[in-house]
Structures are given as structure tokens and as C-alpha cells.
Amino acid sequence: MSQPQPLPIDIRLMEFAANLMLLIFAGLLLTALASWIARHPVFAIRAVVVGGDSEHNNEVTLRANVGPRLTGTFFTLDLAVARQAFEAMPWVRQAVVKREFPNRLRVSLQEQQAVAYWGEDGESSLVNTQGEVFEANVGEVEQDNLPRFKGPKQQSMSMLRVYRAIRPEFEKLSLRIDELRLSERGTWQLRLDNGAEIAIGVGREEEVIARTNQFAKTLTQVTSRYARATHALESADLRHTDGYALKLAGVSTLTPGKPQGGRKN
């Protein structure tokens, strides 16, 4: 039996070209169909379901402010742009945005948790639980008696760590840290809720914490010598290498006729 003769090269090229054209046409048709489906009004975003933290932002407020920025349909919406739109809202720290077929978005919010005011009185900055500075309406802060931090913004996390480490020792004395300050040169100071000013000085975080906590732990011993409560503290200087100097209301350790000074422990 004779073998079938191969088709001439020109015939094979014509078949290949025809098949290629068919594939291209089918591809264009599928692309056009997909584009039409993606932009069809039935897939337009019609609902946004908000979950997670929403104490400062309700669904109505979010839809009114973020809705106009959500352009596209279920298929064409840029989720990264949508997430940024939600995270631009006051008090929103993080947003997770997911599609729900056929025309809905589900958003889970994590709101900022304020632990301190930041900067001078009247500023609209706060510090969250991660030590990050953020902008918000301070009038919406629900917690009472938040401390105020003043320092370089890049040191906000360090200030929060120091605050958290020294706060318990003062709370044992029924004293509250009202303000914590860190200068550009690295000098630490704090003010208590009774108005007492405490100069801590410079040093690494662990040094500042150890110095301040040692002072707080021994303060009762000093005040009791003069029959005073810890709230009688007016000021203290912890920058001495062998102790600290302090001033108590109504107490002077100097002889009459000499300038008034403070007690060094």
C-alpha cells in the first residue's frame, strides 16, 4: 500500500493561517465578551457591608464618604484603591476589603485605639497602641485622663514603651503620669497629675526606666520621714549619679536664713 503524499507546503501554510485567524477571532470574541460581562450594570457594586471596629465610623458615614471613590464593578474594582479609601477615614487604622459575588463588598475595619495625646494642647494628633502618631478629632476620645506625649515623632514608639514601663510604679502611689516629654537632645521629663515636675535626664530606654522606677519605689520612704504623703511631691531631679533630689510641699531641710533647697536621697 502506497504511503499518502504530504500536502504541498503552500497548502499547509494556508491551513495554518486559517487556524491562526480562527484562534485570533475566538480570542477577540472571548475578550470582548469578558469585557462586556465585567462592565455590565448587574455587577456594579450595590452594597458595602462593614464589620470589625466601627465605634467612630458607622456604615452610613462610610458609604457616604467612601462610596464615590469606589469606581468600577465587581470585576474591575481595584481593591487596593478601595482599601486606601477606607483607611483614609478618621480613626481607621487598617481595612480589609473583599469581593462578594455578584455585586457586594465586605469590609473589616480595625480602628485606632488612642493611648495618649501627642504634641501641644490643641493639636489633633494622638498615639495608638502601636506607638504610631495619627490624626483624628481629639474631641471624640472616649478614654478619660489620657497622658500627653511631647517629643520627636520618630520617637513616639520609644516614648510609649517608657510610659508603659514606668506607669505601674506611679499608680501604686496613687499618682498618674500627666505628661511625658523627650527633647531633641534625648532629655526625658515628666509631669504628674499633682503638678510635680520630674527631671529624668538622658539615657537609653532601659536606663531611663530603671532610674524612674527606682525613684518611685523609694519615694514613700522619703516622704514618710517628713510625715508627708507622696502627693506632697513638688519636683524631683533624677540626674544625680548617687541618688536624687526632691522638693516636698511644706518641707525644708535647710537652716533658717539660707536659701531653700531640696532633699537629696
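Further up the page is the structure itself.
Read on for a plain summary of the structure.

Calculation criteria
- Residues numbered from 1 in each chain as written.
- Predicted model: local features only at pLDDT ≥ 70, side-chain atom pairs only at ≥ 80, totals over all residues.
- Heavy atoms only, no water.
- Salt bridge = Lys/Arg side-chain N within 4 Å of Asp/Glu carboxyl O.
- Helix = DSSP H or I, 4+ residues; strand = E, 2+ residues; numbered from the N terminus.
- Buried < 20%, exposed > 50% of the residue type's maximum accessible area, 1.4 Å probe, protein only.
- Core = buried A, V, L, I, M, F, W, Y, C linked by side-chain atoms within 4.5 Å.
- Contact = heavy atoms within 4.5 Å.

### Quick notes on the pattern of salt bridges
So, point 1. Going through the model one piece at a time under the given rule, you end up with 19 salt bridges.
So, point 2. Residue aspartate 121 pairs with arginine 148 through a salt bridge whose shortest N-O separation is 2.9 Å. Linking aspartate 121 in the loop between β4 (114-118) and β5 (125-128) with arginine 148 in strand β7 (residues 148-150), this pair joins segments that are 27 residues apart in sequence.
So, point 3. Taking the relative accessible area as the measure of exposure, aspartate 121 reaches 62% and is therefore exposed.

### Focus on the nonpolar core
So, point 1. Within the largest apolar cluster, 35 residues are counted, with the highest numbers of intra-cluster contacts made by Phe149, Phe170, Leu192, Ile198, Phe215, Leu233 and Leu246.
So, point 2. Secondary structure elements with two or more residues in this core: β4, α4 (156-171), β8 (177-182), β9 (188-192), β10 (197-201), α5 (205-225), β11 (233-237) and β12 (245-248).
So, point 3. Leaving out residues up to four positions away in the same chain, phenylalanine 149 has contacts with Ala116, Tyr117, Trp118, Gly119, Val127, Met159, Leu160, Tyr163 and Leu180.
So, point 4. Ranked by size, the runner-up nonpolar core spans 16 residues in total, among them Val48, Val50, Met89 and Ala95.

### Some points on unusual backbone geometry
So, point 1. A cis amide bond, omega 5°, links phenylalanine 101 with the succeeding residue proline 102.
So, point 2. Mapping proline 102 onto the fold places it in the loop between β2 (92-100) and β3 (104-111).
So, point 3. The backbone phi angle of tryptophan 91 is positive, close to 75°, even though this residue is not glycine.
So, point 4. Mapping tryptophan 91 onto the fold places it in the loop between α3 (79-87) and β2.
So, point 5. A positive phi angle, near 60°, is found at serine 174, a position not held by glycine.
So, point 6. Position of serine 174 relative to the elements: it lies in the loop between α4 and β8.

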